[in-house]
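These are the residues of each chain, in order.
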Amino acid sequence: MSTPLTPSTPPPNDIEKDSQINTQRHTEVAASLNQNQHTAALEIPPALLQRYVTAIPRYTSYPTAPQFSEQYSPDHYRQQARSSNETLMPRNLSLYVHVPFCHSLCYFCGCNKVITQAENTQKGNHKVNQYVDNLLYEIDLRSTLFDDDRRLSQIHFGGGTPNFLNKTQLAEIVERIASRFHLDLPSRLEIGIEIDPRSIDGNGIVKLADIGFNRFSIGVQDFADNVQRAVNRVQDEGKTLEVIAAASEVSNSVNVDLITGLPLQTSKSFAHTLERVVNAGVSRIAAYNFAYLPERIKAQKLINRKDIPSVEQRMEIVEITRTTLLNAGYLHIGMDHFALPQDSLAQALQNNTLQRNFQGYTTNATTDLVGVGASAISQFKYSFAQNHTQLSNYNSAIAAGQLPIARGVTLDNDDVLRAHIIQEIMCRNSIDLQRNTWDIVEASEKVTLADYFSAELTSLERCIEDGLVEISSNSMKITPLGAYFRRQMASQFDAYLATNTHISPSFRSKHTNPSCQKSENVVKFSQAL
Ligand code: SF4
């Protein structure tokens, strides 16, 4: 039985459902969509990789998470929600639901998760039932903060393992969201879920579609047996492909997550994984690079250090990933994301509506993000807020009837302008520098972005020489080569990075926080290409 949440018509930009990928057709469409897009022939000179090896954030937010402070309270959040309602054109909302439970520990994982041995039966188990009740209560609390004209256009379940919850629990959460928020038109509403294929089968996917889920992101990582054993994530290739096929039957948008640089991985073994997911015809592939940080991520201490591929081997794996996906007709979206030209993410890149948030690249331009569940992050134009990460603290806050917000940051106008240009660099190939700052924030003086960021633009001189970017008084154009170095260019506009010498001393003393260099989202370029 389909619920009213199931879209009545498929979104117009989605790919046609083919059981077999038509590589030739994808390649032709890719070429016609953007002559400047990256082709497999594009070579990245090793000298450039060496030059831009540096510790920088992934810019899923600006300011980045290390700037969040415990001074930020639920009252700050309520104030921001009120302000967001009062703007001339209030933004749509997107909702993120965090489900922290996992059946077992993957040794590479840096996510907020709770390994739970007790089975979550049809009736649930005590711990999980309590969490679901708390989520429902938090959804109630949050929904009261937004006016009726705020439409909810995207719901995303992430984790942890969202499909750790049983069908009844997931349906109850989706129904509660639908009853408390004002949903966008069914044809525009995206309801996505991250899937661990080890604990679901094709029938389970169909049941999720019945609840209303229409976007699936499936964790694959690597099909090689020895790699899977080395990271304690053994998943059968055939079963995983069955889950991908089932998702492709019920959805036009299926993403697969892969990880490059895992222990014992080789370019040859990873080529097999790439071939399988490409042949499965998934519309999006995210090939994250493994950042080995055992001093910060406890689970990684269980990985044998000598099994980690060398920098040269890792580069080879990244390169084979890039060329395989481009040759198969996928477009490079940015950083580690690839999508077929018909996918809405590729369309968003073409239409200049691509955005970047805590879930990576997204099609949802200008929404305010509401995060519920342990560790979930919420976002307004002028603030970020994060929930308690420890399950016990989260449960206690809800038991006390409070918004479970633990930390956050309020942005000033300078932050918003920097967030704007960093977002543009991460998501666009052409950036309008004649745009007035007044269009972005109600700044006290009207200047162009070219004038406001003249020092930062000058600091990109070396990037211009290296062919990564072309800058005129009107625009900043990221070249196909530069698209692989977006973070490096964006970091020149980051006022919190201690390494940015172009920022004026007075500004730096106000903003610089030395701890930002220790952030989990700051990784070596060689680890994160
Ligand atoms: S990778 Fe996914 S399934 Fe594995 S421990 Fe992390 S959140 Fe859980």
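Trainee: How would you summarise the packing of aromatic side chains if you had to cite specific residues and measurements?
Mentor: One pass over the full model with this rule turns up twelve aromatic pairs. Plain terms: the ring middles of Tyr-131 and Tyr-394 are 5.5 Å apart, the flat faces sit at 45 degrees to each other, and that makes the pair tilted. Linking Tyr-131 in helix H4 (residues 126-143) with Tyr-394 in helix H12 (residues 391-399), this pair joins segments that are 263 residues apart in sequence. The class of Tyr-131 is buried, set by a relative accessible area of 1%. Taking the centre distance of 6.2 Å and the plane angle of 50 degrees together, the rings of Phe-290 and Tyr-292 count as tilted. Each member of the pair, Phe-290 as well as Tyr-292, is classed as buried. By way of ring pairs, the aromatic residues Phe-101, Tyr-131, Phe-164 and Tyr-394 are connected into one cluster. The ring of Tyr-484 carries Arg-322 above its face, with NZ or CZ at 4.9 Å from the centroid.

Trainee: Any chance you could break down the layout of surface pockets for me, citing the residues and the numbers?
Mentor: As a volume, the second largest pocket reaches approximately 1200 Å³. Surrounding the second largest pocket, 45 residues form its lining, Arg-91, Thr-366, Lys-381, Val-416 and Ile-440 being those nearest its centre. When contributions to the lining of the second largest pocket are tallied by element, the ones reaching two or more residues are helix H3 (74-86), strand E13 (355-357), strand E15 (367-372), strand E16 (377-380), helix H13 (413-427) and helix H14 (437-440). Counting residues per element, the lining of the second largest pocket draws most heavily on H13, which supplies seven residues.

Trainee: I'd like to hear about the sheet that holds strand E21 (residues 475-478), residue by residue, with values.
Mentor: Strand order in the open sheet formed by three strands is E19-E21-E20, with antiparallel pairing between adjacent strands. Only two strands of the sheet have a single neighbouring strand rather than two, namely strand E19 (430-432) and strand E20 (469-471). Going across the sheet, the axis of each strand differs from the next one's by a mean of 15 degrees, ignoring polarity. Pairing geometry for E20 and E21, over three bridges, is antiparallel. If you follow Glu-470 over to E21, its bridge partner there is Lys-477.

Trainee: A description of unusual backbone geometry should follow, citing residues and the corresponding values.
Mentor: The amide bond that connects Tyr-62 to the next residue, Pro-63, takes the cis arrangement and shows omega of -5 degrees. Positionally, Pro-63 belongs in the loop between strand E1 (55-57) and H3. A cis amide bond links Gly-159 to the next residue, Gly-160, at an omega of 25 degrees. Inspection of the secondary structure assignment puts Gly-160 in the loop between strand E5 (151-159) and helix H5 (167-180). A positive phi angle is found at Asn-352, which is not glycine, with a value near 60 degrees. Checked against the element boundaries, Asn-352 lands in the loop between helix H11 (344-350) and E13.

Trainee: Residue-level account of the nonpolar core, with values.
Mentor: Of all hydrophobic cores here, the largest spans 126 residues; its most connected members are Tyr-77, Phe-157, Phe-213 and Met-476. Take this core: its biggest share by element is eight residues, from H13. Residues from two domains meet in this core; each of domain 1 (46-63 + 411-515) and domain 2 (67-377) gives at least three. Beyond its immediate chain neighbours, meaning those up to four positions away, Met-476 contacts Ile-425, Asn-429, Ser-430, Ile-431, Leu-433, Leu-457, Leu-460, Val-469, Glu-470, Ile-471 and Phe-493. Core analysis: the second largest hydrophobic core is formed by 13 residues, Cys-106, Cys-109, Val-231 and Ile-303 among them.

Trainee: Can you break down the pattern of salt bridges residue by residue, with the values?
Mentor: Per the stated rule, a full pass over the model turns up 21 salt bridges. The partner of Asp-466 in a salt bridge is Arg-462, and the shortest N-O contact between them spans 3.9 Å. Among the residues examined, Asp-466 registers a relative accessible area of 15% and is labelled buried. Assessed through its relative accessible area of 42%, Arg-462 is described here as partly exposed. Each of the salt bridges in this network shares a partner with another, and the network as a whole consists of Arg-91, Arg-150 and Asp-368.

Trainee: Which residues make up the environment of Ile-155, and what values do they have?
Mentor: Of note, Ile-155 is situated in strand E5. On the accessibility criterion, Ile-155 (1% relative accessible area) is buried. As for Ile-155 and Ile-191, which are separated by 36 residues in sequence, their C-alpha atoms are 4.7 Å apart. Discounting chain neighbours no more than four positions away, the residues touching Ile-155 are Leu-95, Ile-177, Glu-190, Ile-191 and Gly-192.

Calculation criteria
Position numbers for residues count from 1 along each chain, tracking the sequence in the order it is written. Totals for whole chains, interfaces and linings use all residues, but because this is a predicted model, local features are given only for residues with pLDDT of at least 70 and pairs of side-chain atoms are given and counted only at 80 or more. Remark: hydrogens and water are excluded; side-chain values derive from all non-hydrogen atoms of the structure. Any two rings among Phe, Tyr and Trp, with Trp reduced to its six-membered ring, count as a pair given centres within 6.5 Å; such a pair is stacked if its planes are under 30 degrees apart, edge-to-face if over 60, and tilted if neither. Numbering of helices and strands starts at the N terminus; helices are DSSP runs of H or I of at least 4 residues and strands are runs of E of at least 2. Buried means the residue's accessible area, taken with a 1.4 Å probe over protein chains only, is under 20% of the maximum for its type, while exposed means over 50%, and partly exposed covers the values in between. Counted as over-ring charges are cases with an Arg CZ or a Lys NZ within 6 Å of the ring centre that also lie within 35 degrees of the ring normal. Only protein atoms enter the 1 Å grid used here, on which a cavity is any set of points holding a 1.4 Å probe that cannot leave and a pocket is any open set flanked by protein within 12 Å on both sides along at least five of seven lines; residues with an atom within 4 Å of a point are listed as lining. Grid points are joined across faces, edges and corners, and a volume is the space filled by probe spheres set on the points. Strands are treated as partners if at least two bridges between them are detected by DSSP. Here an axis means a line fitted to C-alpha atoms, over the contact stretch when the element is a helix, while the angle between two N-to-C directions is reported on a 0 to 180 degree scale. In plain words, nonpolar cores are sets of buried Ala, Val, Leu, Ile, Met, Phe, Trp, Tyr and Cys residues tied together by side-chain atoms within 4.5 Å. Domain borders in the structure are assigned automatically or taken from a domain database. Here, two residues are considered to be in contact whenever any of their heavy atoms come within 4.5 Å of each other. Criterion for a salt bridge: a side-chain nitrogen of Lys or Arg within 4 Å of a carboxyl oxygen of Asp or Glu.

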